[in-house]
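Close look at the chain arrangement
Okay, here's what each chain looks like letter by letter:
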Amino acid sequence: MFRRPIKEINAEFKAEEKYLDSIQRTVRESCIAASMNKKEITSVLLAIEEGATNIIRHAYLYEKGLMRVRIVIYKKLVVFSLIDYGRSFQPDNSGKVDLHKLVESGRKGGLGFYMIQKIMDSVEYISTAAFNELRMIKRIHKEKEKGRPFLRWMLTLRFKFSVWTFIIVSMIIGGSIYYFDHEISDGMYRHKHETVQALGTTIAAQASGYLINNRSDVEFDELLVSYKRANPELRLIVLTDATKMIRAHSDDILFIRKQYQAPQGLNAYIYNTPQTFELGNEDVEFLVIPIELRDHLIGKVYIIYTTEGIYYQLADARTQIVILTMILLLFGIIGIYLLSDYFVSPILKITHRIRRFTSGDLETELPLEGAEEFFEISKAFNQMITRLSQDRKNIAAREKMAKEIEVASEIQKTLLPNKLPEIQNLDIESFYRAASLVGGDLYDIFQVSEKRYCMVVADVSGKGVPASLVMSMLRTVIQIYGRQLQSPKEIIVAVNDYMKINIPPGMFVTVFLQIYDVETNEIVFVSAGHNPMVYFNSDTKKIEQLNPKGMPVGLPTRDENKFADSIIEERRVMCDDDCFIIFTDGITEAPNREGDQFGIERLEEFIVAHAPDSEIRMSALSEKLIDLIDDYTGFNKATDDISFILARMQIKSSTPIEKQKSENRLLVRKINSDKA
Amino acid sequence: MDNISISLKENESKEISEIRVDGVIDTLTAAELEEVIESLLKRDRFKMIVDLAGVEYISSAGWGIFISHIKDIHENGGDLKLANMIENVAEIYELLEFDNVLKAYVSLEDAREDFGDTISSDNSKKKGHN
C-alpha cells in the first residue's frame, strides 16, 4: 500500500504526565526529520498531547503503565502510533465527533478526540487483547520551493570547485599581469627620460660650441625647432646663457634675448633630473641640463616634455592583455567544469546507487572502477550492503519467529480456564502471569463429577515455547484422567505414565493436585515435587504447610512403580473460614533489586494478616498479594511465571443441617488436635 | 516549567470582565483558568473577554474550558470573546474550526466594541476615577 518508510522511530515512556515533555520532544524531532512546516508541527504536537493524556487518564487511570510511541515516516505522510497496554477506550459513537454537539453537551470529554480528528488526516483506534493503538496519519504538504534547484546547483561540488579554481587562477594571472605591467611601464618611463636626457645632452654639447663660437641665434633656434618637430613628446626647448638670457627658443623667436623664467614652483638649479609639473591639462616633465666648458657653467638647456604617449601605449597594451586573459580564463573555466565533472561522476554514481539501496534494492553491487579512492568507497559500500542485506534477512526471520511465539501465546491463553466454576461453599480465585510471552506454569480448576472439583497448579521446568507446549499437553492429560479416575494419587500416577513417555528428555513437571468434595468439604491432595500448600486454620489462626511427599512428573525411572510409591495422598476437612493457597515458586522466588527472594515466610505473614478478615473476598486478597509481590520486586522484570489458586471455605447457606455439620467438623478437629 | 498567570479586570458599568492570561494553558494549568471563569459565572457575569496576548499554547484542556461553558454563557445573553491570539494559537483555532463557536478579535478594543457602543469612553472615565 505504502512505499517503504524512510525512517521509523520507536520509543517507550512511562505513562505519566511528567513524561509528556519527553514524548513531545521525540515527536517534534521526528516531525522536523519529516520536514513538516512549523504550523503542522504545532498541530501534530497538540494531537499527540491529547492522545497521550488520554492514555494516562483513561487507559491507565493514572496508574503505572507504559506507553509506546512509534513514528513511521514515509515520503508523503507520517504515521504516529500511541500504544498502551491498559483499558481500551471507546471513542464516542466511534465515528466523527461534531463540534456543535460538543458545545451542546457542555462536556469536555470528546474534545481531545475531536482535535485529533481535525488535525490528523486519518485516525484509527485499534484495540486488541494485548494492547490498544491510536494510529494517526498526517500527510506532509511540501511547499513548492522556487529557485531551489539553482541554489542547490550553487552548492554542488562541481560548482564550488570551479569557482575556487577560477578565483585562484584569476589571482595568479592578475598578480603576474600586474607585476609585469609595472615592470614594463617603469622601463618605458625610464627609457623615455633617458632618451630626452640624451637628447638634452646632445643639444647642450652642440650649444656649448655654439655659445663659444657665438654663431647666429637664428641658426640655433632653427635647430631647436627641428628637434622639437622630430620628437613630438617635446613641448619646449629653451637655451640660455649663463646670465639666463634666452639664446634660442623652440616656440617663438621673439623670446630671444629675454630673461628666461622657469615655470612656477620649479627649481632651475636641479640638473639632469626631471621635475613634474602641470602645464595646461597635462602632466609634463621639466629637465635642466647645464652647458659647461672646463667646469664653468656657460649656459643651460631647459626641456619640457610629456610622457603621455607612453600612457596611451600602455593602455592599449593592457586592454589587449585583459581581453586575451578573459578569453583564456573562459576556456579555462569550461575546461575545469568539465574536468570536475569527470572527477565527480563516480560520486554521482555512488549516490545513485545509495538511493536505489534506500528504496530497497539490496542486490546490485557497485562496479569497482574509477580512481583508487572511489574504488575503495565502492568496495566498502558493497561490503556494507552485503552485511545489511544479511542482517535484514536475519531480522525478518526473527520477526517471523516472534510472530509465531505470539500465536503460541494466544493459543496458550485459550488453554487456561477463562472462567472459574462456581463452587458451593468455596470462594475461589486464581491468578496467572507469564514472565515471557509464553509461560510454563499451569493452573486449572474443573468439575470432575457432580460434587467434586479438581484443582491443579503445576510448574514445567524450563521456559519459553517448549515449556508452554508441555504445559498444554499436561493440562489435557489431567483433564482426561481427572474425570476418569477417582483419587488424586490415581490421577497423578496415570498422568505421569503418560507424560514420562511424551515429555522431551531432561524436562519434568512439579504438580500439586487436589480434589475437593462439596459434600464433605474435604480436600484430598497429592504433590509431585511441588511447593507446599499454605493452609490457614481459622480455628488456631495459624498457618500450616501441607506438603505430601512425591516425585516430580515426567522423570524417567528404572522401577515401574517408583513414582507411584513416592506419592503420598493426604486429606483434610475444611472448616468455615479456612483458607489455602496453592502456588508456583514464581511467588516465593520473586527477587527484589538486591536479589533477595520474596520467600514463603512473607507469603505466610500475608495470609495470616488477611485471612482472619472474614469479610474479605478472595479476588481482593489476590490483588493485594500481587501488589505486595510487585512492590517487593519493584521494577525488576519478573523472571519466572507466577500462578496460584487462592480459596476460602465460606458456608453461606446456614441451614440448620449445614450449621450442624460445620460445628461437627470443628468438634472433630478439636478432638483430633487434642489427641495430637 | 509550564506556568500560568491570570489577572482579572472587571468593568463595573458595562459588566464586562477581562481576563488576561499569560503562559501556557495545558492539562496542568487549565484548572486555574476554569476556576476564574466559573467564579464569574457564579456571580452572573456572562460577558467576558479573554486576552490571550501572552499565551503561547492552548491544549484541549484549555479549549475545553471555553467550549464547555460557551453554551451556558450564550443562553444567559453573554459571550466569551477571545482577543489577541498569537499566530500559533490562531492557527490551531482556525484548524479546529473553533471560529464557528468562539469569536476572536485582533485587539481588546475590537472585542469591547463588539459588546456595546461606547466602551472606550467608559474606559477613560474609569481611568479618570483612578
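All of these numbers come straight from a predicted model, not from anything done at the bench. (Residues numbered from 1 in each chain as written. Chains lettered and ligands numbered in written order. Predicted model: local features only at pLDDT ≥ 70, side-chain atom pairs only at ≥ 80, totals over all residues.)

Turning our eyes to something else, we now look at the overall build of chain B. Summing up its helical and strand segments, chain B has 5 helices and 5 strands in all. Of the regular secondary structure in chain B, the N- to C-terminal order runs β-β-α-β-α-β-α-β-α-α. For chain B, buried positions account for 35% of its 130 residues. In chain B, the proportion of contacts linking residues at least 24 apart, taken out of those at least 6 apart, comes to 71%. (Helix = DSSP H or I, 4+ residues; strand = E, 2+ residues; numbered from the N terminus. Buried ≥ 20, exposed ≤ 12 C-beta atoms within 10 Å, placed from the backbone. Contact = placed C-beta atoms within 7 Å.)

All right, on to the overall build of chain A then. When its secondary structure is counted, chain A shows 16 helices and 20 strands. The burial tally for chain A puts 27% of its 676 residues in the buried class. Counting only contacts in chain A whose residues sit at least 6 apart along the sequence, the fraction spanning at least 24 positions is 66%.

The next thing to look at is the sheet that holds strand β3 (residues 47–58) of chain B. All names here are of chain B. The 5 strands lie next to each other as β1-β2-β3-β4-β5, forming an open sheet whose pairing is mixed. Of all strands in the sheet, those bounded by a partner on one side alone are β1 (4–11) and β5 (103–105). When the angles between neighbouring strand axes are averaged without regard to direction, this sheet yields 25°. Taken together, the 3 bridges between strand β4 (residues 79–83) and β5 define a ladder with parallel strand orientation. Counted as the bridge partner of K81 is K103 from β5. (Pairing = 2+ DSSP bridges. Axes fitted to C-alpha atoms, helices over the stretch in contact; angles between N-to-C directions.)

Residue and element names in this part refer to chain A. With 8 of 9 residues buried, strand β14 (residues 509–517) lies mostly within the body of the structure. In this structure, β14 lies alongside strand β15 (residues 522–528), joined through 7 bridges in antiparallel fashion. Opposite I515, over in β15, you have V524 as the bridge partner. Adjacent in sequence and paired antiparallel, β14 and β15 are bridged by 4 residues, among which N521 carries a positive phi angle near 55°.

Moving on, we get to the sheet that holds strand β18 (residues 570–573) of chain A. Remark on secondary structure: sheet strands pair via backbone hydrogen bonds, oriented parallel or antiparallel. All names here are of chain A. Spatial ordering of the open sheet is given by β12-β13-β14-β15-β18, a layout of 5 strands whose pairing is antiparallel. Single-partner strands in this sheet number two, and they are β12 (441–447) and β18. Between one strand axis and the next, the sheet turns through 15° on average, direction left out of account. Packing against the sheet, helix α10 (residues 464–484) makes contact with β12, β13 (452–460) and β14, and its axis sits at approximately 20° to β12. Set on the sheet, helix α11 (residues 488–502) makes contact with β14 and β15; between it and β14 the angle comes to about 150°.

Phi at K541 of chain A takes a positive value of approximately 60°, unusual for a residue other than glycine. Checked against the element boundaries, K541 of chain A lands in the loop between β16 (533–537) and β17 (542–546). Not every positive phi belongs to a glycine, and D44 of chain B is a case in point at roughly 60°. Relative to the helices and strands, D44 of chain B is located in the loop between α1 (30–42) and β3. Residue classification places D44 of chain B among the exposed positions, given that 9 C-beta atoms sit within 10 Å.

Taken together, the 19 residues of chain B in the interface contact 20 residues of chain A. Among the elements of the structure, α2 (60–75) and α3 (87–95) of chain B are those that each provide at least two residues to the side of chain B that touches chain A. Here the element with the most residues in the side of chain B that touches chain A is α2 of chain B; it accounts for 8 residues. Residue classes in the side of chain B that touches chain A are distributed as 8 nonpolar, 7 polar and 4 charged. (Nonpolar A, V, L, I, M, F, W, Y, C, P; charged D, E, K, R; others polar.)

In this section: the packing of helix α1 (residues 20–33) of chain A against helix α2 (residues 38–59) of chain A. Residue and element names in this part refer to chain A. Running from N to C, α1 and α2 cross one another at 145°; their axes reach a closest spacing of 10 Å. Considering only the axes of α1 and α2, their crossing is right-handed. For the pair α1 and α2, contact is made by L20, I23, Q24, V27, R28 and C31 and by I41, V44, L45, I48, E49 and A52, respectively. Looking at the contact of α1 with α2 residue by residue, the class counts come to 9 nonpolar, 1 polar and 2 charged. (Left-handed = near helix turned anticlockwise from the far one by under 90°.)

A few words now on the nonpolar core. V456, I492, I582 and I645 of chain A are the most contacted members of the largest nonpolar core, which totals 65 residues. Here the element with the most residues in this core is β13 of chain A; it accounts for 7 residues. Among all residues touching I582 of chain A, those that are not within four sequence positions of it are M455, V457, F512, M533, F644 and I645 of chain A. With 63 residues, the next largest nonpolar core counts V44 and I71 of chain A together with L40 and L96 of chain B among its residues. (Core = buried A, V, L, I, M, F, W, Y, C linked by C-beta atoms within 7 Å.)

With that settled, consider the packing of α1 of chain B against α2 of chain B. All names here are of chain B. In the contact formed by α1 and α2, the axes pass within 9 Å of each other and the chain directions differ by 15°. In terms of orientation, α1 lies roughly parallel with respect to α2. Read as a crossing pair, α1 and α2 show a hand that is right-handed. In this structure, α1 uses A30, L33, E34, I37 and L41 to contact α2, whose residues at the interface are A61, G62, I65, H69 and D72. By residue class, the composition of the contact of α1 with α2 is 6 nonpolar, 2 polar and 2 charged. (Parallel < 35°, antiparallel > 145°, perpendicular 65-115°, else oblique.)

Looking now at the confidence of the model for chain B. Residues and elements named next belong to chain B. Looking at chain B, pLDDT values average 81 and 85% of them are 70 or higher. Predicted confidence in chain B is weakest over helix α5 (residues 119–129), with a mean pLDDT of 40, and strongest over β4, with 91. Note that residues 117–130 has pLDDT below 50 and, in this model, 9 contacts with residues that lie over four places away or in other chains. Among the scores for the predicted complex, ipTM is 0.79 and pTM is 0.42. (pLDDT = per-residue confidence, 0-100.)

What follows covers the environment of D641 of chain A. Within the fold, D641 of chain A resides in the loop between α15 (618–633) and β20 (642–649). For the pair D641 of chain A and S436 of chain A, spaced 205 residues apart in the sequence, the C-alpha separation amounts to 7.8 Å.

A few words now on the environment of Y498 of chain A. Tracing the sequence through the fold places Y498 of chain A in helix α11. Linking Y498 of chain A and V477 of chain A, residues 21 residues apart in sequence, is a C-alpha distance of 7.8 Å.

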